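Given next are the chains, with one letter for each unit.
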Amino acid sequence: MPNLDIHASKEYTMMVEPGIMDRLGELVLRVANPKKVCLVSDTNVSELFAEKATRSLQKEGFDVNVLILAPGEGTKSMSSLNRILEFLAEHEYTRSDILVALGGGVIGDLTGFAAATYLRGIPFIQVPTTLLAAVDASIGGKTAINLKAGKNLAGAFWQPSLVLFDVDTVLELPEEQFKDGISEIIKSAVIGDAKLFDYLQTVENPKIIDFTMECVMGAVKVKRDLVAKDERDTGMRKLLNFGHTMGHAIELVSDYKISHGRAVAIGMLACAKAADKMGWSNRDCAIPIWQVIDKYGIDAKCPFDPHQLAAAALNDKKRSGDNISIVIPLEIGMGAIMDIPVHELEEFFRAGLE
Ligand SMILES: NC(=O)c1ccc[n+]([C@@H]2O[C@H](COP(=O)([O-])OP(=O)(O)OC[C@H]3O[C@@H](n4cnc5c(N)ncnc54)[C@H](O)[C@@H]3O)[C@@H](O)[C@H]2O)c1
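Residues numbered from 1 in each chain as written. Predicted model: local features only at pLDDT ≥ 70, side-chain atom pairs only at ≥ 80, totals over all residues. Heavy atoms only, no water.

Chemist: Where do I start with the domain arrangement of the protein chain in this structure?
Modeler: Quite often, the size of an interface is put as the accessible area lost when its parts meet. The domains assigned to the protein chain are domain 1 (3-172) and domain 2 (175-353). Centre-to-centre separation of domain 1 and domain 2, based on C-alpha positions: 26 Å. If you look at the interface, domain 1 gives 34 residues, while domain 2 gives 34 residues. Here domain 1 packs against domain 2, burying approximately 3000 Å² in sum over the two surfaces, 70% of which is carbon and sulfur. Here domain 1 is connected to domain 2 by four salt bridges. Between Lys 223 and Asp 136 there is a salt bridge; the shortest N-O distance is 2.6 Å. In this assembly, domain 1 and domain 2 are joined by eight residue pairs in polar contact (both at pLDDT 80 or more). Mapped onto the side of domain 1 that touches domain 2, the elements with two or more residues apiece are strand E1 (3-7), strand E2 (11-17), helix H5 (131-137), strand E7 (142-147) and strand E8 (150-157). (Domains from an automatic or database assignment. Contact = heavy atoms within 4.5 Å. Buried area = accessible area lost by both parts, 1.4 Å probe. Salt bridge = Lys/Arg side-chain N within 4 Å of Asp/Glu carboxyl O. Polar contact = N/O pair within 3.5 Å; in protein donor to acceptor, adjacent residues only side chain to side chain. Helix = DSSP H or I, 4+ residues; strand = E, 2+ residues; numbered from the N terminus.)

Chemist: Can you help me understand the pattern of salt bridges in this one?
Modeler: If the charged atoms of two oppositely charged side chains come close together, the side chains can form a pair. According to the stated counting rule, one finds 21 salt bridges in the structure shown. Between Glu 51 and Arg 55 there is a salt bridge, with its nearest N and O atoms 3.7 Å apart. With Glu 51 and Arg 55 both in helix H2 (residues 43-59) and four residues apart, this pair spans about one turn of that helix. Classification of Glu 51 as exposed rests on a relative accessible area of 61%. In this structure, Glu 354 and Lys 277 form a salt bridge, with 3.8 Å as the shortest nitrogen-oxygen distance. Taken together, the residues Glu 354 in the segment after helix H13 (345-353) and Lys 277 in helix H10 (residues 260-277) connect sequence positions 77 residues apart. Accessibility expressed as a relative area gives 62% for Glu 354, which makes it exposed. Each of the salt bridges in this network shares a partner with another, and the network as a whole consists of Glu 73, Lys 76, Asp 109, Lys 151 and Glu 251. (Buried < 20%, exposed > 50% of the residue type's maximum accessible area, 1.4 Å probe, protein only.)

Chemist: Sorry if this is basic, but what is going on with the environment of Ile 68 here?
Modeler: Within the secondary structure layout, Ile 68 lies in strand E4 (residues 63-69). In the structure, Ile 68 is positioned 22 residues away from Ser 46 in sequence and 7.1 Å away in space, judged by C-alpha atoms.

Chemist: What's the story with the nonpolar core in this structure? I'm lost.
Modeler: Burial of nonpolar side chains together is a common tendency in soluble globular proteins. Residues Met 14, Ile 186, Leu 200, Val 216 and Ile 289 are the most contacted members of the largest nonpolar core, which totals 76 residues. Each of domain 1 (3-172) and domain 2 (175-353) contributes no fewer than three residues to this core. Each residue touching Ile 186, except ones within four places of it in the same chain, is listed here: Phe 197, Leu 200, Met 268, Val 292, Ile 293 and Ile 298. Ranked by size, the runner-up nonpolar core spans 23 residues in total, among them Ile 20, Phe 49, Ala 50 and Ile 125. (Core = buried A, V, L, I, M, F, W, Y, C linked by side-chain atoms within 4.5 Å.)

Chemist: Where do I start with the pairing of strand E3 (residues 36-42) in this structure?
Modeler: Regular strands place side chains that alternate from one sheet face to the opposite one. Among the seven residues that make up E3, seven are buried, leaving the element largely enclosed by the rest of the structure. Residues Lys 36, Cys 38, Val 40 and Asp 42 point to one face of E3 and Val 37, Leu 39 and Ser 41 to the other, with burial holding for every one of them. One ladder, built from seven bridges, connects E3 with E4; its direction is parallel. Its bridge partner being in E4, Ser 41 is matched across the sheet by Ile 68. Between E3 and its parallel partner E4, the chain crosses via H2, and the hand of that crossover is right-handed. The sheet contact formed by E3 and strand E5 (residues 98-103) spans four bridges and is parallel. The residue of E5 that forms the bridge with Val 40 is Ala 101. (Pairing = 2+ DSSP bridges. Right-handed = clockwise from strand over helix to strand, strands pointing away.)

Chemist: Whenever I open this one, unusual backbone geometry confuses me. Can you help?
Modeler: Excluding glycine, most residues fall at negative phi; most peptide bonds, likewise, are trans. Look at Leu 119: it is not a glycine, yet its phi comes out positive at around 50°. Note that Leu 119 resides in the loop between helix H4 (105-117) and strand E6 (124-128). Leu 119 gets classed as partly exposed once you look at its relative accessible area, which sits at 36%. Positive phi values are uncommon outside glycine, yet Arg 120 reaches one of about 60°. Relative to the helices and strands, Arg 120 resides in the loop between H4 and E6. What makes Arg 120 exposed here is its relative accessible area of 75%.

Chemist: Help me understand the sheet that holds E1, please; the structure alone is not making it clear to me.
Modeler: Note: strands within a sheet are paired through backbone hydrogen bonds, in either parallel or antiparallel orientation. The strand order E1-E2-E9-E6-E5-E3-E4 describes an open sheet built from seven strands, whose pairing is mixed. Single-partner strands in this sheet number two, and they are E1 and E4. Taking each pair of neighbouring strands and ignoring which way they run, the sheet shows an average axis angle of 15°. Pairing geometry for E5 and E6, over five bridges, is parallel. By the bridge assignment for E6, Val 100 is matched with Ile 125. Strands E3, E4 and E5 of the sheet are contacted by helix H3 (residues 78-90), whose axis makes an angle of about 160° with E4. (Axes fitted to C-alpha atoms, helices over the stretch in contact; angles between N-to-C directions.)

Here it is as structure tokens:
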């Protein structure tokens, strides 16, 4: 079964395989030798998979503690971070013990940040259970919580020791969450893999497991290559923010009622449209992007106006001085980063949303 090696400040492997959760305990031993393992999850995910994961860990003799949090973006907060850190301290975790993030991007980002800060850093393993977390959030080492002013405003770069994606977990995923993952896969295809985009465009009635494996391998390769070149997000890695400047603003303005994936889809389409209109793209990208978004039933209508969104986006941490970085498609399979003056952002958003 396919493995992907990720080369960052730490080298690690992503294993993608149906049923691999049964081997969690055995695979932890390949990268660490802990006495204690703290499994962090949310109520939805723990109901489905915590028992299986715990059993596998206990089989290897680990002392397992399980911490279950509420589901949803609201959990990526200072109070949840505090809860994990106090829990670890109470149970006397040491630097050789380990955290396991079992869940979607919310649990992964939060648990990763707790791992980065507890005792100034302990190892952690990502076990993504959403398509979005498998293709994006679980690799690359960005960990974070949200602040009132915006998404991911406090966090750390902290790479996991291993990423295990049990492909069977997508069989439980509600349709809307599956679409959120497709959105990030479209993103990776547009900025870096024309063949993956072609697959998304042409595949008809695929078997869900085969489709997921194909998309995960393709999208993760795009991200892996960018992380290897620019782990700290100062250059090429910013390409992964395609659709995210507007997307994060939409999430914030909607009070997180619009999911990350749908917000990114709206953002990608708007950026592609604006770039086409301004003559910045080499080829018309908005139409094929719209066709793929539509094919997978993602609702890319934007309920907010450009003024509101630009104001929210200007709190974004990707802003540097008087400029803000936005990502545009030059053609399908090739993205570019552009710095535009902050006062032009609203006009750019307007061009994309008209
Ligand atoms: N660190 C990064 O590089 C990075 C990249 C992209 C996104 N993110 C972050 O990821 C988050 C979004 O992640 P997400 O979409 O996975 O959201 P999520 O973690 O909130 O999961 C979505 C919902 O699905 C449920 N769920 C998870 N797995 C399930 C399964 N197998 N079956 C049934 N239900 C399941 C969860 O309980 C939750 O209700 C955002 O906070 C975003 O900022 C981070």
